[in-house]
Amino acid sequence: MVHFLWQSSRQAQFSWHQDHDENADHWAFTTSMISVVVLLSGRGSGMQMWGFHAFQYSGVGAAAAFPGAATHRSVCHGLGAVGEGGEEVVKVAFFLE
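Residues numbered from 1 in each chain as written. Predicted model: local features only at pLDDT ≥ 70, side-chain atom pairs only at ≥ 80, totals over all residues. Heavy atoms only, no water.

Student: So what exactly am I meant to see when it comes to the sheet that holds strand S5 (residues 63–67) here?
Tutor: Backbone-to-backbone hydrogen bonds join strands into a sheet, with any given pair of strands oriented parallel or antiparallel. Taken in spatial order, the four strands make up an open sheet running S1-S7-S2-S5, and their pairing is antiparallel. In the strand order of this sheet, the two ends are held by strand S1 (2–6) and S5, each with one partner. In this sheet, adjacent strand axes meet at a mean angle of 20 degrees when their direction is disregarded. (Pairing = 2+ DSSP bridges. Helix = DSSP H or I, 4+ residues; strand = E, 2+ residues; numbered from the N terminus. Axes fitted to C-alpha atoms, helices over the stretch in contact; angles between N-to-C directions.)

Next up, the structure:
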């Protein structure tokens, strides 16, 4: 499954969650799923896994791959909707079983 995320949408600013639960209405993922999120545009975005420091995407093409069942959240730097420099933050998320 693939999701495109426009960070300006409140629906794409995720608080603590687990991807296998979050997507349960669309696909029966197991706790062994892998999530991969790639920054397509913008700056000032990241993600954080529970118990770890936030990961800041360094630039376009930077990616985070992690167990989708791990508790994690979006981290938006700057003023919520638009990242640093006024650019729209767009990411693509791949959910792999």
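Student: How do you make sense of the nonpolar core when you look at a structure like this?
Tutor: Looking at soluble globular proteins, one finds that nonpolar side chains tend to be buried together. Grouped together as the largest cluster of nonpolar side chains are 13 residues, with contacts concentrated most on Val-37, Met-47, Tyr-57, Ala-64, Phe-66, Ala-93 and Phe-95. If you list the elements that add at least two residues to this core, you get strand S2 (34–41), S5 and strand S7 (90–96). Setting aside its immediate chain neighbours within four residues, Val-37 contacts Tyr-57, Ala-62, Ala-63, Ala-64, Phe-66, Lys-91, Val-92 and Ala-93. (Core = buried A, V, L, I, M, F, W, Y, C linked by side-chain atoms within 4.5 Å. Buried < 20%, exposed > 50% of the residue type's maximum accessible area, 1.4 Å probe, protein only. Contact = heavy atoms within 4.5 Å.)

Student: Looking at this structure, how should I read the sheet that holds strand S3 (residues 45–49)?
Tutor: A sheet is described by the order of its strands in space; here three strands give the open sequence S4-S3-S6, paired in antiparallel fashion. Sheet topology places strand S4 (55–56) and strand S6 (72–76) at the edges, where each strand pairs with a single neighbour. When S3 meets S6, the two strands line up antiparallel, connected through five bridges. Note on S6: the bridge partner recorded for Met-49 is His-72.

Structural measurements only, silent on function.
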